[in-house]
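# Topology and contacts: notes
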Amino acid sequence: IQDGKPAEIDGELSYNALRSTLGSKLESENFPQGDCNSQLALAWALFAKEAPRTEENLRFIQESYPLVKQYALYYVFAKDAEGEAYWNEEMSLLREPCLEHSRAHVELLPVINSSYNGYNLWSSVFASQAFYEMAPVALALGDKEGAEIFRQYDQKMVQGVHEHLTTDYDGLTIYAE
């Protein structure tokens, strides 16, 4: 930032996830966190939409899409160890099984059992936005069915957020957290 405005910097910054050890294990055995999947899918979708159309980038997008799609939709269709679904059809929201709360941290280190299992604005907005951004990328890659799934769950989550994660305060509707 220069003079309060974003400055352009020549060069390229990238991360080659195909060379990482990320693998395909979707849920931590002890701390499943759906918002992490959503953040990964959102970042990937934004990259897929905005990255220079080099041969390497296009190959990366094409090859990584199936894994990213799996990450993005995992909590929509999966169940936890007790058999409870993460997706709540009635509320149109994803349950965040292990939301870490900043107020529960001591000296920046997480405290045991400092997480919450429930529905929250943070996780819901990331999931909805990831679905919204993934839909046109899926369509561009020829995955019409995936694009429709992303579009439908984005719309459902927007509705769920407005119905279940807002409250009235002094005559105004605000987001509840």
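Residues numbered from 1 in each chain as written. Predicted model: local features only at pLDDT ≥ 70, side-chain atom pairs only at ≥ 80, totals over all residues. Heavy atoms only, no water.

Looking now at the overall build of the protein. Looking only at helices and strands, the protein has four helices and eight strands in total. The helix and strand sequence of the protein, counted from the amino end, reads α-α-β-β-β-β-β-β-α-α-β-β. The burial tally for the protein puts 37% of its 177 residues in the buried class. Summarising the internal contacts of the protein: among those between residues at least 6 apart in sequence, 62% fall at separations of at least 24. Carbon together with sulfur atoms contributes 53% to the accessible area of the protein, which is approximately 11900 Å² in total. (Helix = DSSP H or I, 4+ residues; strand = E, 2+ residues; numbered from the N terminus. Buried < 20%, exposed > 50% of the residue type's maximum accessible area, 1.4 Å probe, protein only. Contact = heavy atoms within 4.5 Å. Areas by Shrake-Rupley, 256 points an atom, 1.4 Å probe, with all protein chains shown as cover.)

Together, Y169, L172 and I174 make up a nonpolar patch on the protein surface, roughly 320 Å² of accessible area in all. The residue L172 is located in strand 8 (residues 172-175) in this model. The exposed category is assigned to L172, whose relative accessible area is 56%. (Patch = residues over 30% accessible without salt bridge, like charges linked within 9 Å, V, L, I, M, F, W, Y side chains within 5 Å. Salt bridge = Lys/Arg side-chain N within 4 Å of Asp/Glu carboxyl O.)

Inspection of the secondary structure puts S124 in helix 3 (residues 121-140). Of note is the side chain of S124, whose polar atom sits 2.7 Å from the backbone oxygen of N120. (Polar contact = N/O pair within 3.5 Å; in protein donor to acceptor, adjacent residues only side chain to side chain.)

For the rest of this paragraph, the subject is empty space enclosed by the protein. Per the stated rule, a full pass over the model turns up one cavity of 30 Å³ or more. When contributions to the lining of the largest cavity are tallied by element, the ones reaching two or more residues are helix 1 (34-50), helix 2 (55-77), strand 3 (96-100) and helix 3. By residue number, the principal contributor to the lining of the largest cavity is helix 1, which donates four residues. Considering only residue class, the lining of the largest cavity consists of seven nonpolar, five polar and three charged. (1 Å grid on protein atoms, 1.4 Å probe; cavity = no way out; pocket = protein on both sides within 12 Å on 5 of 7 lines; lining within 4 Å. Points joined across faces, edges and corners; volume = space filled by probe spheres on them. Nonpolar A, V, L, I, M, F, W, Y, C, P; charged D, E, K, R; others polar.)

One pass over the structure, following the stated rule, counts seven salt bridges. With a shortest N-O distance of 2.9 Å, K69 and D143 are connected by a salt bridge. Of this pair, K69 sits in helix 2 while D143 sits in the loop between helix 3 and helix 4 (144-164), placing them 74 residues apart in sequence. With relative accessibility at 23%, the residue K69 sits in the partly exposed group. The class for D143 is buried, based on a relative accessible area of 15%. In the salt-bridge network here, residues are joined through shared partners; they are D80, E84 and R95.

Our focus in this paragraph is the environment of D143. Linking D143 and P66, residues 77 residues apart in sequence, is a C-alpha distance of 10.0 Å. Setting aside chain neighbours within four positions, we find D143 in contact with Y65, K69 and A138. In this structure the side chain of D143 is engaged in a polar contact, spanning 2.5 Å, whose partner is the side chain of Y65.

Keep in mind that these numbers describe shape and distance, not what the molecule does.
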